[in-house]
Amino acid sequence: MGVTNWEIVIGLETHAQLNTASKIFSGAATAFGAAPNTQACAVDIALPGVLPVLNRGAVERAIRFGLAVGGKVAPRSVFARKNYFYPDLPKGYQISQYELPVVSGGGLNIRVSAGGTASEKYVRLTRAHLEEDAGKSLHEDFHGKSGIDLNRAGTPLLEIVSEPDMRSASEAVACAKTLHALVRWIDICDGNMQEGSFRCDANVSVRPKGADTLGTRREIKNLNSFRFLQQAIEYEARWQIETLEDGGRIVQATVLFDPATGQTRAMRSKEEAHDYRYFPDPDLLPLVISPVWIEEVKAAMPELPEEMKARFMRDFSLSVYDAAALTASRETAAYFEQAVATAGTSNAKACANWVMGELAARLNREEKDIADTPVTPQQLAGLVARIADNTISSKIAKEVFDALWTGEGQNADAVIAAKGLEQISDSGALEKLIEEVLAANPKSVEEYRAGKEKAFNALVGQAMKATRGKANPQQVNDLLRKKLSG
């Protein structure tokens, strides 16, 4: 049949570690990087007689997420025991939520780029529920044995489950990135994928195009980078299509992705809900969330990305693309707004271009976050203002930006003065210069008058070179054409 005759169906299950100082059912710390088993208290290691106590901060973060995605925050939800045996699960069960989660419904607007164009899509969310993390098995440096670190046991997680609405690896990555940006934006998770604070599982199945029923899914576990998520889904989809076209069948399973080989491999047959023997946890009362509590959390919420994007388009006349790029992270949006506050609304588009262009490129090249940029929003605003009032050209502005980046000046004005970069806009001086350029380049003059436009560009280049780029480009163009038509 070929790949084009199949449709890929993808749903995501994402574990966001909530950024509380203590664990979800105990007072033990959640800080990353502590020595093994130094942050595991009696509750975490399930000593006899201990009882869990719910962390209010974890609940508030779940409420914040529910409000951010337009979901329904349940007035009453229940914690359940998910029973299974694994060495890093001290109790023999995980406290989670099953039939009555804290958040249900809602969705995300994602932006997918393909073939040079971008489109928007709404991905529905099924639910988000609170649960505790398990410990971690360690297999290195144990002389052929495995060790268990229970520091992570009891760390609060919000598991976010999407509907199977995505139809490509690119859409799944866009959804994961949108979700990642959102949990950081509303400050419920630090999003550190290397430390395991944000992990994705991808449920992947394929079906013939036009079919209504879903195919058998396989779940790819614990993908901790967007690149691995893309590679894993693409490989898994190809493997499933080839298996079906060769007459085989797909067996529901949990699989792992090996970045070294770029392949997925089956880990175990996929469990169903009844395999876990869920039942309400008798040690925890139902979680009751009052309307007053929801309103308190709502009042403390920041402006959400979609709201800010709409405001940027309305107040600053930015395009959908620009507004989406600037609201991709809360830090970038804050930087842009501070720059505009200094430079003025009339320079908003220019500020946007610099934030998305030169600044973003430099940050990417030096592997820095915008929070670590040496060029402040106020310095960038000063640079934009000097371009707007024709003190410097856009080309010279890049030289000024480089100087600000390396700390050669306190602001754009200081750099311009110290380096003598002020644009030459004196008509008399420019006219004399252009006469000299025309006299020195008779061949280009002749070619231009013969209809070769490239010759004009060459003359502009000579004029700019003579002033080391400091001449006003528009004036140079206007004066050259005037002289050549005379």
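Look above for the structure.
The structure contained in this document is the topic of the report that follows. Predicted, not measured: the structure shown is a model, and the values here were computed from it. (Residues numbered from 1 in each chain as written. Predicted model: local features only at pLDDT ≥ 70, side-chain atom pairs only at ≥ 80, totals over all residues. Heavy atoms only, no water.)

## Some points on the overall build of the protein chain
Right, so step 1: The helix and strand inventory of the protein chain stands at 15 helices and 17 strands.
Right, so step 2: Taking 486 residues into account, the globule formula puts the C-alpha radius of gyration at 23 Å, and the protein chain, at 29 Å, lies well above it.
Right, so step 3: Each principal axis of the C-alpha distribution contributes one length, and for the protein chain these read about 95 × 55 × 50 Å.
Right, so step 4: The burial tally for the protein chain puts 47% of its 486 residues in the buried class. (Helix = DSSP H or I, 4+ residues; strand = E, 2+ residues; numbered from the N terminus. Rg over C-alpha atoms; globule rule 2.2 N^0.38 Å. Buried < 20%, exposed > 50% of the residue type's maximum accessible area, 1.4 Å probe, protein only.)

## Remarks on the sheet that holds strand S16 (residues 279–280)
Right, so step 1: If you walk across this open sheet you meet the 3 strands as S5-S4-S16, and the pairing is antiparallel. Among the strands making up the open sheet, the edge pair consists of strand S5 (93–96) and S16.
Right, so step 2: Judged from the 2 bridges that link them, strand S4 (residues 80–83) and S16 form a sheet pairing that is antiparallel. If you follow Arg81 over to S16, its bridge partner there is Phe279. (Pairing = 2+ DSSP bridges.)

## Focus: the pairing of strand S15 (residues 263–269)
A regular strand places its side chains on the two faces of the sheet in alternate fashion.
Right, so step 1: Of the strand pairs in this sheet, strand S14 (residues 253–258) and S15 are connected by 6 bridges, and their pairing is antiparallel. Residue Asp258 lies in a different strand from S15, and its bridge partner there is Gln263.
Right, so step 2: In this antiparallel pair of consecutive strands, S14 and S15, the connection spans 4 residues, and Gly262 shows a positive phi of 75°.

## Here we look at empty space enclosed by the protein
Using a probe with the size of a water molecule, rolled over the atoms, empty space left in the structure can be pinpointed.
Right, so step 1: Within this structure, the stated rule accounts for 1 cavity of 30 Å³ or more.
Right, so step 2: When its volume is computed, the largest cavity comes out at roughly 30 Å³.
Right, so step 3: For the largest cavity, the full set of lining residues is Leu12, Thr14, Leu125, Ile160, Val161, Ser162, Cys175 and Leu179.
Right, so step 4: Breaking the lining of the largest cavity down by element, the ones donating at least two residues are strand S1 (6–17), strand S11 (156–162) and helix H2 (169–185).
Right, so step 5: In terms of residues, the lining of the largest cavity owes the most to one element, S11, which gives 3 residues. (1 Å grid on protein atoms, 1.4 Å probe; cavity = no way out; pocket = protein on both sides within 12 Å on 5 of 7 lines; lining within 4 Å. Points joined across faces, edges and corners; volume = space filled by probe spheres on them.)

## Comments concerning H2
Right, so step 1: The end-to-end C-alpha distance of H2, which contains 17 residues, comes to 24 Å, matching closely the 24 Å that a straight helix rising 1.5 Å per residue would cover.
Right, so step 2: Backbone geometry just after H2 places Asp187 at a positive phi near 60°. (Expected span 1.5 Å × (residues − 1).)

## Quick word on unusual backbone geometry
Right, so step 1: A positive phi is found at Ala46, a non-glycine position, where the angle reads about 65°.
Right, so step 2: Note on placement: Ala46 falls in the loop between S1 and helix H1 (56–68).
Right, so step 3: Of note, the phi angle at Glu367 is positive, near 55°, even though the residue is not glycine.
Right, so step 4: Mapped onto the secondary structure, Glu367 falls in the loop between helix H8 (348–365) and helix H9 (377–388).
Right, so step 5: According to the relative accessible area criterion, Glu367 is exposed, its value standing at 75%.

## So, helix H3 (residues 226–245)
Right, so step 1: With 20 residues, H3 should cover 28 Å at 1.5 Å per step; its first-to-last C-alpha distance of 29 Å lies within 8% of that length.
Right, so step 2: Listed as buried for H3 are Phe226, Phe228, Leu229, Ala232, Ile233, Tyr235, Glu236, Ala237, Gln240, Ile241 and Thr243.
Right, so step 3: Buried residues along H3 sit against S1, H2, strand S12 (198–208), strand S13 (218–223), S14 and S15.
Right, so step 4: Looking one or two residues past H3, Gly247 carries a phi angle of roughly 90°, positive in sign. (Contact = heavy atoms within 4.5 Å.)

## Here we look at the pattern of salt bridges
Right, so step 1: Scanning all chains against the criterion turns up 27 salt bridges.
Right, so step 2: Among the salt bridges present, the one from Arg152 reaches Asp133, with a minimum N-O distance of 3.2 Å. With Arg152 in the loop between strand S10 (147–149) and S11 and Asp133 in the loop between strand S8 (117–132) and strand S9 (136–138), this pair connects stretches of sequence that are 19 residues apart.
Right, so step 3: The partner of Glu408 in a salt bridge is Lys419, with the nearest N and O atoms 3.2 Å apart. (Salt bridge = Lys/Arg side-chain N within 4 Å of Asp/Glu carboxyl O.)

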